[in-house]
Amino acid sequence: MEKIQLLIKHAKVFNSYLKKFIDADVSVKDGKFYYIDRKHENLFDAEHTIDADGQYMIPGMVDIHMHIESSMTTPGSFGNCAAKNGVTTVVSEPHEMANVKGVRGILEMISAAKDAPIDIFYGIPSSVPSTSEKLETTGGVIDFEAMKHLLGEKDVVCVGEIMNYREIIRENHLEISKFLDYLRQEHPGYVIEGHCPSLVDLDLAKFLYLGINGDHTEHTLEEVKQRIENGMFFEIQDKMLKPEVLSYICENHLFEYCSFVTDDTMADVLYEQGHLNTVVQKAIEMGFPKEQAIYCATYTPCQRMHFYDRGVIAPGKLADFILLKDPAKLLEPETVFKNGISIYKKEDRQAFPVEPYAFPEDFYHSVSIPEVTLSDFDVKVPVEEGEVTVRAMEVHPDRTQTTEKLVTMQVKEHKICWQESGCLLAMVLERHGKNGNIGYGFLTGSCQREGTVATTFFHDHHNLFVAGSDPEDMLFAVQRIGELQGGFLTVKDGQILSELALPVCGILSEASIEATGSALKEVRESLIDLGYEHHNPIMSVGTLGLPVSPALKLTDHGLIDVKRGEIVPLVLSCS
C-alpha cells in the first residue's frame, strides 16, 4: 500500500466547487491533499489516522484584509490566536509599523512572522504617511523606491489599501501614483487594495481606472451596488454585516465577488470573541447560507489574492483545514491543521508554541518627546481678555468620523479657559524625535466626561495623543507614556486607572494575547466609566488623529479639515 502522511476518515468534506458537503476519507501527502476518497476504499498506509466520526471538514479560513498591529500584538502571538480560530492564512497590511519605522519596520514584521503557526503574507503600504508630511509627522515614509523594493520580498503579495482616495483621482504627484504607473507597465494584474468610503459615480470610475479594484470600507447599499456592478471585489467586515447588504449579495448570487475580512480586530475582542470566524458566524446567523459563507471565507479570498494553492480541499492543494462538529458554528473548531500538521486542538486549548521575536533595540526606544511642563497645556491667544470661538471635534457614539462644532470660550490673561466650556483639551505631541510639534484641539460629544486618556496607538502617524479635563493629570499621563515607551492608559486625580504597555515601536505588546487583551479590556472599561459613549471607544480614540477620516482630526501639525486636506486654525474669531 502507498504510504501517506495523514488519513482523515469518515468526514463530511466541504467541496468548494459544488458548495456542499460530501462524505469522504481525505488523504494528505507531503503537506498537501492527495485524494478525496468518496468510496472509502482504504487505499493507503497512513503514518497518522484520524476518525472524524462525521465531523465537518472545511478549508482553513483566509483573511485577506487585516492589520496585525490592530491586535497590538506581535505576529507570533497573533498567529497563535488566529490558529485557535481556524484561520490559517492572512494578508496583513503593516502601514502602522511603517509609519513608525518605515521599510525597516515592514521587514522586521515579515521576519517576526516566520515562525508563526499560520501563513502571514503582507501588502505594500501605499499611504505612509496617510496624507502628507505637511499635515502629519511620521517616523517613516514609504516612497516609490521603497514600494519597488518591497515588491521583491517573497511574502509580499499585493498593494495595501490606498487611503488618499480623493487626492489620487485628481492630478497629483503622489508616490503611489508613480508606483501604480510602474505596476501597469511591469506587473499588470497585480492585486491592488483600495479604501474609498463614499466614493461613487465618476469618482469611483476614476479610482477603478487606476487598477484599484478591491474595497473593504463601510458603505451604504447603493455604494456596495456600484462597487460590485463595476467589477470591484468587495470585502465584508463586521460593520458591513448589514441585512440589506447581505440580502443583496444573496438574492443576486454575488458570492464570487466578495469575501469576509476582519480589517481591525483588537486584542480583547480576539481573546474573548474570536477572529474571522466571528464575522462569518454573524453572517450565518443573519441568514447568509452557511455553505456560501464558508466559500466566501476560504475560496473567494484565495482567488482574489491569487493563492491558487489553498482555500479548497482538493488534490495538490495545501492541507490547511478545520474539523468542526457543526459547520454553522465556527467559533469553536475541534482541530485546526496547517500543511497537514495539527496546530490547535480544542481539547488541549493550546496552539503551536512560538518563540518570542527580538526586534532591534531601537524599536524598544521609539517614543522621543521633549520635556513637557504644565505651561504646555495652556492654549494661548493674542487677546488678553474676552471670548473666542473655537473649532472642536465632536465625537459620535456610532462612528469614528467626527464633525466640527463651534464653541465659545472665555479668555483670561491670554489663555483660553477651556475647562469652563464643557470640552476636553486634546493634544498631539510629535514623538518620533523630528520636530517636537504639539497640535492643540478640543473634544466634545460622546467622549469621556472626566479624567484623561493618553496613547501612542494613534492612527496612522502614532504620535502621542492625550485628552483630558485636568492639565496635571494630562502631564502625568504623558510622562507615564514616556516611561512605558508607548501604551494606552487612563488617569484621574493623579492615579492610573488602567494601563496597557506597548513597548515595541509604541504600538505592540510582546505579552500573550490573553494578557494584552485583558489589559486592553481594562482600558476600554475605564473609558466607559469615565463617560465615553461609543461602540468601540479604543478605536474612536485611536482615530481622532487620522487625517483621511472625516471630518475634523488632530495631528501634531494642528487641526485638519479632512475633506479639504488642509490645516485649519483652532480659533476662528476673538472678541
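As a starting point, this report considers the structure included with it. Worth saying up front: this structure is predicted, and the values here are computed from it rather than measured.

## Regarding the sheet that holds strand 27 (residues 552–555)
In space, the three strands of this open sheet follow the order 27-28-29, with antiparallel pairing throughout. Strand pairing shows two members of the sheet lacking a second neighbour, strand 27 and strand 29 (566–568), which therefore form its edges. The mean angle between the axes of side-by-side strands here comes to 45 degrees, regardless of whether they run parallel or antiparallel. Summarising the sheet, strand 27 and strand 28 (residues 558–561) pair through four bridges and their orientation is antiparallel. Residue pairing for strand 28: Thr 555 is matched across the bridge by Gly 558.

## Focus: the packing of helix 10 (residues 276–285) against helix 11 (residues 290–304)
Direction vectors running N to C along helix 10 and helix 11 enclose 150 degrees, while the axes themselves pass 9 Å from each other. The orientation of helix 10 with respect to helix 11, classified from their angle, is roughly antiparallel. Between helix 10 and helix 11 the crossing geometry is right-handed. Across the interface between the two elements, Leu 276, Val 280 and Ile 284 of helix 10 pack against Lys 290, Ala 293 and Ala 297 of helix 11.

## Some remarks on unusual backbone geometry
Geometrically, the link from His 459 to Asp 460 is a cis peptide bond, its omega value of -15 degrees lying close to zero. The topology assignment puts Asp 460 in the loop between strand 23 (452–455) and strand 24 (464–468). With omega at -5 degrees, the peptide bond leading from Pro 550 into Ala 551 counts as cis. Mapped onto the secondary structure, Ala 551 falls in the loop between helix 14 (537–542) and strand 27. The backbone of Glu 413 sits at a positive phi, close to 55 degrees, despite the residue not being glycine. On the secondary structure map, Glu 413 appears in the loop between strand 19 (403–412) and strand 20 (415–416).

## Notes on the packing of aromatic side chains
In this structure the tally under the stated criterion is 17 aromatic pairs. Chaining the aromatic ring pairs together yields one cluster made of Phe 14, Phe 21 and Tyr 56. Above the plane of the ring of Tyr 295 lies Lys 19, whose end atom (NZ or CZ) is 4.3 Å from the centre. One residue, Arg 310, lies across the ring of Phe 307, its end atom 5.4 Å from the ring centre.

## Regarding the sheet that holds strand 8 (residues 119–124)
With respect to topology, five strands assemble into an open sheet ordered 6-7-8-9-10, the strand pairing being parallel. Of all strands in the sheet, those with a lone pairing partner are strand 6 (61–66) and strand 10 (192–194), marking the two edges. Strand-to-strand twist across the sheet, computed as the mean angle between neighbouring axes with direction ignored, equals 25 degrees. By the bridge criterion, three bridges tie strand 8 to strand 9 (residues 156–162) in an arrangement that is parallel. The partner of Tyr 122 across the bridge, within strand 9, is Val 156. Sheet contacts for helix 1 (residues 75–84): strand 6, strand 7 (87–92) and strand 8; angle to strand 7, the most-contacted strand, approximately 135 degrees.

## Digging into the pairing of strand 28
From the end of strand 27 to the start of strand 28, which pair antiparallel, there are two residues. Two strands pair when backbone bridges link them, and strand 28 and strand 29 are joined in this way by three bridges, in the antiparallel orientation. Residue pairing for strand 29: Ile 560 is matched across the bridge by Ile 567. Where strand 28 folds back onto strand 29 in an antiparallel hairpin, the turn is made up of four residues, including Gly 565, whose phi is positive at roughly 65 degrees.

## A closer look at the nonpolar core
Of all hydrophobic cores here, the largest spans 158 residues; its most connected members are Ile 168, Phe 260, Phe 288, Ile 416, Phe 442, Leu 443 and Phe 465. Broken down by element, the residue count for this core peaks at seven residues, all from helix 2 (residues 95–112). Leave out the neighbours within four places in its chain, and Phe 288 touches Leu 246, Ile 249, Cys 250, Phe 255, Phe 260, Ala 283, Ala 293 and Cys 296. Judged by nonpolar contacts, the second largest core, of 17 residues, contains Ile 8, Ala 24, Ile 36 and Phe 321.

## Description of the side chain of Arg 524
Along the polypeptide, Arg 524 turns up in helix 13 (residues 513–529). Using a relative accessible area of 12% as the deciding quantity, one classes Arg 524 as buried. Beyond its immediate chain neighbours, meaning those up to four positions away, Arg 524 contacts Met 266, Asp 268, Val 269, Asn 536, Pro 537 and Ile 538.

## Some words on the pattern of salt bridges
Within the structure shown, the criterion is met by 31 salt bridges. Between Glu 2 and Lys 29 there is a salt bridge, with the nearest N and O atoms lying 3.0 Å from each other. Pair noted here: Glu 2 is in strand 1 (residues 2–15) and Lys 29 is in strand 2 (residues 20–29), with a separation of 27 residues, a long-range link. Residue classification places Lys 29 among the partly exposed residues on the basis of a relative accessible area of 29%. Between Asp 561 and Arg 564 there is a salt bridge; the shortest N-O distance is 3.5 Å. What you see here is one network of salt bridges that share partners, running through Asp 119, Asp 309, Arg 310, Asp 320 and Lys 338.

Reading the values: the criteria
- Residues numbered from 1 in each chain as written.
- Predicted model: local features only at pLDDT ≥ 70, side-chain atom pairs only at ≥ 80, totals over all residues.
- Heavy atoms only, no water.
- Pairing = 2+ DSSP bridges.
- Helix = DSSP H or I, 4+ residues; strand = E, 2+ residues; numbered from the N terminus.
- Axes fitted to C-alpha atoms, helices over the stretch in contact; angles between N-to-C directions.
- Parallel < 35°, antiparallel > 145°, perpendicular 65-115°, else oblique.
- Left-handed = near helix turned anticlockwise from the far one by under 90°.
- Contact = heavy atoms within 4.5 Å.
- Phe/Tyr/Trp six-rings, centres within 6.5 Å; stacked < 30°, edge-to-face > 60°.
- Lys NZ or Arg CZ within 6 Å of the ring centre and 35° of its normal.
- Core = buried A, V, L, I, M, F, W, Y, C linked by side-chain atoms within 4.5 Å.
- Buried < 20%, exposed > 50% of the residue type's maximum accessible area, 1.4 Å probe, protein only.
- Salt bridge = Lys/Arg side-chain N within 4 Å of Asp/Glu carboxyl O.

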